[in-house]
Structure formats: C-alpha cells, structure tokens
Amino acid sequence: MRPALGEIWVYLSATPLLGLTLTLLAYQGAFWLYRRANHHPLLNPVMIAVTALVLVLTLTDTPYQTYFDGAQFVHFLLGPATVALAIPLYAQWERLRGMLLPLLVTLAVGSLTAAISAVGIAALLGASRESVMSLAPKSVTMPIAMGVAERLGGLPSLTAVLVMSTGIVGAVGARYVYQLLRIDDHAVRGFAIGIASHGIGTARAFQVSEQAGAFAALAMGLNGLLTAVSLPWILPWLESLLG
C-alpha cells in the first residue's frame, strides 16, 4: 500500500472494531450480490465474504488475531443464534414426531458415512495421521469439530478450514444433488444438508423455507453430539483396519 494509506490502515487496525466492521461490510456486500443474482447457489454469501476478508487481511499484512479482536463480537452471537434455532424446530414438532425413526436412522448412517469416507479416502491417498484426524469431523459444526480433532490428535486450525470448506461446498451444491435425485420434501432436504454441511448448510436451508431450516438445525445439533461421542471409539478400529 502507499505510505499514506498504510499509515491510515495501521491506525485503523489498532481499533478492535476494525474486524467487526470488515466482517459486516464483507457479508453485506456478498449478500447484496447474492440477492441480485436471484439467490444463485454459486454466489454463496459466506464463500464470497470469506474470500474478500482473506484478500484484505493478506494484502494489508493484518494478523488474524488483530482481526479477530473485533470480529469476536460476531463470534459471540453464534451461541444465542444456535439456541434460537429451537423456535422454528418447535413449530415443526408434529411432523418431527412422525418422522422420528427415519430421522434417527438417517442421522446414524449420514454421520458415520461422512466421517468414515473422509478418513478412509485420506488414508488410502497417503495423508499423514494428523491430516486424517483433522479431516474426520469435517461435517460437524466448527466448535465441536475443533475440539474433537484436538482430542484425536489432529490440527484444530486445519479442521476449521476443512469444516468451512465442507459447509460452503454443501450449501453451493446441495440443490443440484436434490434435483438430480428428485428430492422435493423440504424436511428431507433440510435434514440431509444439516448432517453434511452443519451451520453454513443450515443457513442456506433457512433461505429455502422455515421447515428446511428447522430440520437442518436439528440434524446439525444431533450430528455434532453423535460425532463427538462416536469418533473416539470408531477411529482406532478404522485405523487398525486400514493398517
């Protein structure tokens, strides 16, 4: 950057609100593009906002911690936002009761498939053990995934990148998969994307309908719980099987 602009940036970067302002502006701009494109999945606002923030931080040589000092205010809101997901879920209570058994079976199959397929493919391609353990919880919401990865001997920072990538890919590509398989039920669509693509997929589901969002939120929470409990037991067996 030019000296004058560099001095201004240094001054601004010393304020904790810089990260918050950048985050809100990036997402607002990305969401504006998303709406202008009639909610096209390839212009996912999370993907665009993250890309824009990475470019800004890289070009300005701003440390991530400096950015996060301000962005942590948004991070704090993840807790209340997650709890608030219970409200639309309660509105779907009657349908949820009627689908309880199929949902539980889907949860078990989807959760195990997501973890075992990722671990198996990575191991067969020669990935290091740290990378494999970091990849295992990729379909779980980020706070749980990072904790599980650390417990398994993986790298939480790598897991965070993999989790975000998984969510973005799911949010972008899910619609095409549903169309290919001719799945029209919003409850089924929501539950599937909640298992596969956690919070980012859930946000996308709410843009489709409240029912899809409610079932996605349920799947995201249950998948996080099941993965945290089951992976430490399953992975040693899988490691011995793969040699």
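The chain goes by LrgB family protein in an unreviewed UniProt entry, where it is assigned to Aromatoleum diolicum. Check the Subcellular location (unreviewed entry) section of the UniProt entry for the chain; it says "Membrane".

Peer 1: Explain the domain arrangement of the chain to me, please; I cannot follow it from the model alone.
Peer 2: Frequently, the measure chosen for interface size is the accessible area removed from exposure when the parts meet. Each assigned domain of the chain is listed here: domain 1 (1-76) and domain 2 (81-243). Relative to domain 2, the C-alpha centre of domain 1 lies at a distance of 27 Å. Contacts between the two partners involve ten residues from domain 1, matched on the other side by nine residues from domain 2. Interface of domain 1 and domain 2: buried area, both sides summed, is about 830 Å²; carbon and sulfur atoms make up 66% of it. At the boundary of domain 1 and domain 2, one finds zero salt bridges.

Peer 1: Even after reading the chapter, I still don't get the packing of helix α10 (residues 142-152) against helix α11 (residues 156-181), so can you show me in this structure?
Peer 2: When two helices pack together, their arrangement is given by the angle between their axes and by how far apart the axes lie. The contact between α10 and α11 brings their axes to 9 Å, and the two run at 140°. Between α10 and α11, the angle falls in the class oblique. Judged by the sense of rotation from one axis to the other, the crossing of α10 with α11 is right-handed. Residues M142, A145, M146, A149 and E150 of α10 touch α11, and the partners they reach there are P156, T159, A160, V163 and M164. Taken together, the residues that form the contact of α10 with α11 break down as eight nonpolar, one polar and one charged.

Cut-off values and rules
- Residues numbered from 1 in each chain as written.
- Predicted model: local features only at pLDDT ≥ 70, side-chain atom pairs only at ≥ 80, totals over all residues.
- Heavy atoms only, no water.
- UniProt positions renumbered as here; feature names shortened; annotations may be inferred.
- Domains from an automatic or database assignment.
- Contact = heavy atoms within 4.5 Å.
- Buried area = accessible area lost by both parts, 1.4 Å probe.
- Salt bridge = Lys/Arg side-chain N within 4 Å of Asp/Glu carboxyl O.
- Axes fitted to C-alpha atoms, helices over the stretch in contact; angles between N-to-C directions.
- Helix = DSSP H or I, 4+ residues; strand = E, 2+ residues; numbered from the N terminus.
- Parallel < 35°, antiparallel > 145°, perpendicular 65-115°, else oblique.
- Left-handed = near helix turned anticlockwise from the far one by under 90°.
- Nonpolar A, V, L, I, M, F, W, Y, C, P; charged D, E, K, R; others polar.

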